[in-house]
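# Topology and contacts: notes
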Amino acid sequence: MAKDEIKFSAITSRPTTEWSLGRQVLAAFEEVSPQLAPEVLYQWEDKIGPFESVEATEPYWAQLAQMRVNGALSEFPVGLRWKRNRAAKYEAEISHTRSDARGNTIDGRLNVYAAVHKKTNWCLLGARLGELMNADLAMLHCFASFDNQSVRSNTPESRFRSFTILDGKVPNIGWGMFYGGRFVHEVDAAAISAAGFPVQKIGDGYFVQVTEDINDVVNDFAMFSKRRAKLKSLFRDDLFLIKDEPTIS
């Protein structure tokens, strides 16, 4: 059976290669908890070596690689991946915002996959990373064993797990959501707060929670599901791909 897993995903159309951003993103993990300090650095599947310090990581944050496109040589920034093998165990990877051959923007992403660790303040980390990434949209969620099974690709459920925006639609509401950039106007903070949901104005966006504790997703999914449905009703009807709550036996 699949294990419960914490996942954070941030999607941004803003530049991500500047070291000023990289420094703050990496530092945020240690600032939230020493138990989130990275241990090993990778680029793709290649191990760079042990994490020594935030500042020592600068050369690897956005190294340039080359590839030929229609005979022309082009450069692109390689993402950085880092892991921690002790509690709190997780791995994270930045995929940098870039332009395709036609000049269209390909969104950058920061993904974090973590084992459940109840002493970690995931809420603080998620809100901070959403702000630092200048995220258009970010999700912090605990995928429980009952809904973390394999699903068919290209379905709303698979897009929720991979957190993929489709035609401007949000896959679903995770336990905590950061709405910024092109999604900040979707948030009616006064109505959400009046309905009893935690909402924080952070930087240029809002961080909205379904409940106070992310562990509610596992400990009391029925309650979480009921509150998520209520929260979803405070947004416009066609914003989310998944409209109905799952039936859990």
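Right, let's walk through the structure included here. (Residues numbered from 1 in each chain as written. Predicted model: local features only at pLDDT ≥ 70, side-chain atom pairs only at ≥ 80, totals over all residues. Heavy atoms only, no water.)

If you walk through the whole model with that rule in mind, you get 11 salt bridges. The salt bridge involving D107 is made with R182; its shortest N-O contact spans 3.0 Å. Here D107, found in the loop between β9 (105-106) and β10 (108-115), pairs with R182, found in the loop between β12 (176-179) and α5 (189-194); they are 75 residues apart in sequence, far enough to count as distant. Residue classification places D107 among the partly exposed residues on the basis of a relative accessible area of 26%. When salt bridges that share partners are traced, they join E39, R84 and R86 into one network. (Salt bridge = Lys/Arg side-chain N within 4 Å of Asp/Glu carboxyl O. Helix = DSSP H or I, 4+ residues; strand = E, 2+ residues; numbered from the N terminus. Buried < 20%, exposed > 50% of the residue type's maximum accessible area, 1.4 Å probe, protein only.)

Below, the discussion takes up the packing of aromatic side chains. Using the criterion set out here, one finds eight aromatic pairs in the structure. Aromatic side chains W19 and W61 sit 6.5 Å apart centroid to centroid with 65 degrees between the ring planes, which places their arrangement in the edge-to-face category. Here the residue W19 occupies a position in helix α1 (residues 19-32), and W61 occupies one in helix α2 (residues 58-61), the gap between them amounting to 42 residues. Judged by relative accessible area, W19 falls into the buried class, the value being 10%. With relative accessibility at 1%, the residue W61 sits in the buried group. For the ring pair F221 and F224, a centre distance of 5.9 Å and an interplane angle of 40 degrees mean the geometry is tilted. Highlighted residues: F221 and F224, both in helix α7 (residues 221-232), separated by three residues, approximately one helical turn. Taken as a pair, F221 and F224 share a single burial class, namely buried. Grouped by ring-pair contacts, the aromatic residues W19, F29, W61, W82 and Y90 constitute a single cluster. (Phe/Tyr/Trp six-rings, centres within 6.5 Å; stacked < 30°, edge-to-face > 60°.)

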